[in-house]
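Observations on chain architecture
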Amino acid sequence: MSIGCVILAGGEGKRMMSERPKVLCGVLKKPMLGWVLDTAMSFGFDEIGVVTGYKSELTEEYLQTRSGNISTFYQEKRLGTGDAVKQALELISGVDCVCVLCGDAPFIDKETLRGSLEFHKSSGAGVTVITAKLDDPTGYGRIIRDGDRFTAIREQKDCSPEEAKICEVNSGAYWFNSKALISALPKLTTNNANGEFYLTDCVQIIGSAAAFTSENPDIVLGANTRRGLLELNEKARQKVFERLMDEGVSFITTDGIIIGADVKIGCDTLILPNTVILGKTKIGKGCEIGANSHIEDCVIGDNVTLDNVKACEAVIEDNVKIGPFAQLRPGTTIRKGVKIGDFVEIKNSDIGENTAVAHLTYLGDSDVGRGVNFGCGCVTANYDGVNKFRTEIGDHAFIGCNTNLIAPVKIGENATTGAGSTITREVPPNSLAVERSQTRIIENWQKNFKRKKK
Ligand code: UD1
Ligand code: CA
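Residues numbered from 1 in each chain as written. Chains lettered and ligands numbered in written order. Predicted model: local features only at pLDDT ≥ 70, side-chain atom pairs only at ≥ 80, totals over all residues. Heavy atoms only, no water.

1. Points about the packing of aromatic side chains
Taken as a whole and judged by the stated rule, the model has eight aromatic pairs. Ring centres of phenylalanine 43 and phenylalanine 45 lie 5.0 Å apart, and the angle between their planes is 45°; on these two criteria the pair is classed as tilted. The buried category is assigned to phenylalanine 43, whose relative accessible area is 15%. On the basis of relative accessible area, phenylalanine 45 is assigned to the buried category, the value being 11%. Summarising the aromatic geometry, the rings of phenylalanine 325 and phenylalanine 343 are spaced 5.5 Å apart at their centres and angled 20° between planes, so their arrangement reads as stacked. Of this pair, phenylalanine 325 sits in the loop between strand 24 (321-322) and strand 25 (326-328) while phenylalanine 343 is found in strand 27 (residues 339-347), placing the two residues 18 residues apart along the sequence. The structure contains a cluster of three or more aromatic residues connected by ring pairs, namely Phe43, Phe45 and Trp175. Cation over ring: lysine 239 sits above phenylalanine 107, and NZ or CZ is 5.0 Å from the ring centre. Taking NZ or CZ as reference, lysine 388 lies 5.2 Å from the ring centre of tyrosine 383, over its face. (Phe/Tyr/Trp six-rings, centres within 6.5 Å; stacked < 30°, edge-to-face > 60°. Buried < 20%, exposed > 50% of the residue type's maximum accessible area, 1.4 Å probe, protein only. Helix = DSSP H or I, 4+ residues; strand = E, 2+ residues; numbered from the N terminus. Lys NZ or Arg CZ within 6 Å of the ring centre and 35° of its normal.)

If you want it as structure tokens, here you go:
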């Protein structure tokens, strides 16, 4: 049996007060649509389609950043969830069974999809609605039953006071037999409080409907407002902490800590307050990260200490110590055993094993060997206002305090630069380069103010 997935992402989300489509609002800085797509991609659908609408160019732009085969369908006017699904008829008619998901309900999970698909197949129903029981069902469509028989979904605005008390709600995720869905869609009307084509009316039209109640009530949670979005963020944040603690990661407190859903961290690593770790970051074992660190899309080895560090798209190998107050910018690799101290910025550079960059230094577009020592306040001048050039430093070189290295330039192995030198040409191995004037001593020099007094 072939299965397809249609994700509804065309809504404007007026209540979100955003200039972007609602589904691009972030939970732990990942668009809600991204969460749904990740689940769908890992489930193994034969086809995945996304219905776009409001500011579709922005949704398309986001989809471009994703790998995998995702088709899109454009809904010209926001006429409701039923109308949105109609746009994907081509996908639906190509599969036996189709799963419809909401792009604004990020916590749908694989287990629920798997369980509900089995249930759908065995019950033989034309449509299976995934439901959950909530303490506060406000805003969701209610599951209406006649005795044991599931008969309809009633939207909040269309509910009688009695129906509004029902706590079992529609998650907005469904399994449809494609044929049943295709014949139901043209029968939808706009005869409801919102004047929209409700996909939920398919339950009554198809007749043979089943409800699969998920064990995990979070799967229904969606965000329609910024307040709702904050609740989803808090929930997601807590879930990430729980997963990481199960995997052996430590926290003294979780105050101010935000860790993205895709971040991986090894056991015995301690995360300190006010630390943000996002994207595809991977951190090894036995590290101490924070306080006050911001790490995005980095690969970090074991036993690394990062204290007040900002790092983006950098690789940090084992046993490295960085901080306090250092920045690693994209394209940087820090090899084993390196020490980087306060007020150091490194960009697009490779820093060799056991090198020390202790204080107040900028290294850009540089290839640095092993065991190099940088004094305080060194700068690679990598930009002449038009082009950028690389600096090469051999193993065990000693770069004196306040050295400027004017790229392109090469410092040989074991070479030394005198403090305060501005190096503009190649320094051979094992040599000393001093580029500064000699000290002049003027004896018996009287200070100006003393002369004035006389
Ligand atoms: C919908 C369900 C409700 C369910 C809830 C779960 C209907 C009528 N109601 O309500 O029973 O409890 O989801 O979250 O389906 N969309 C489009 N085009 C449109 C309208 C919506 O693509 O014309 C997309 C939205 O971007 C969103 C999804 O469909 O991702 C759901 O739409 P939304 O307006 O949020 O529906 P709810 O009112 O939450
Ligand atoms: Ca919604």
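2. Describing helix 2 (residues 56-64)
Of the positions making up helix 2, those classed as buried are Ser56, Leu58, Thr59, Tyr62 and Leu63. Projected onto a plane normal to the axis of helix 2, the buried residues spread over an arc of 160° and lie on a single side. Residues of helix 2 that are exposed and point more than 90 degrees away from the buried face comprise Glu61 and Gln64. Looking at the buried side of helix 2, the elements it contacts are strand 3 (30-31), helix 1 (32-43), strand 4 (47-52) and strand 5 (71-74). (Arc of directions from axis to C-beta. Contact = heavy atoms within 4.5 Å.)

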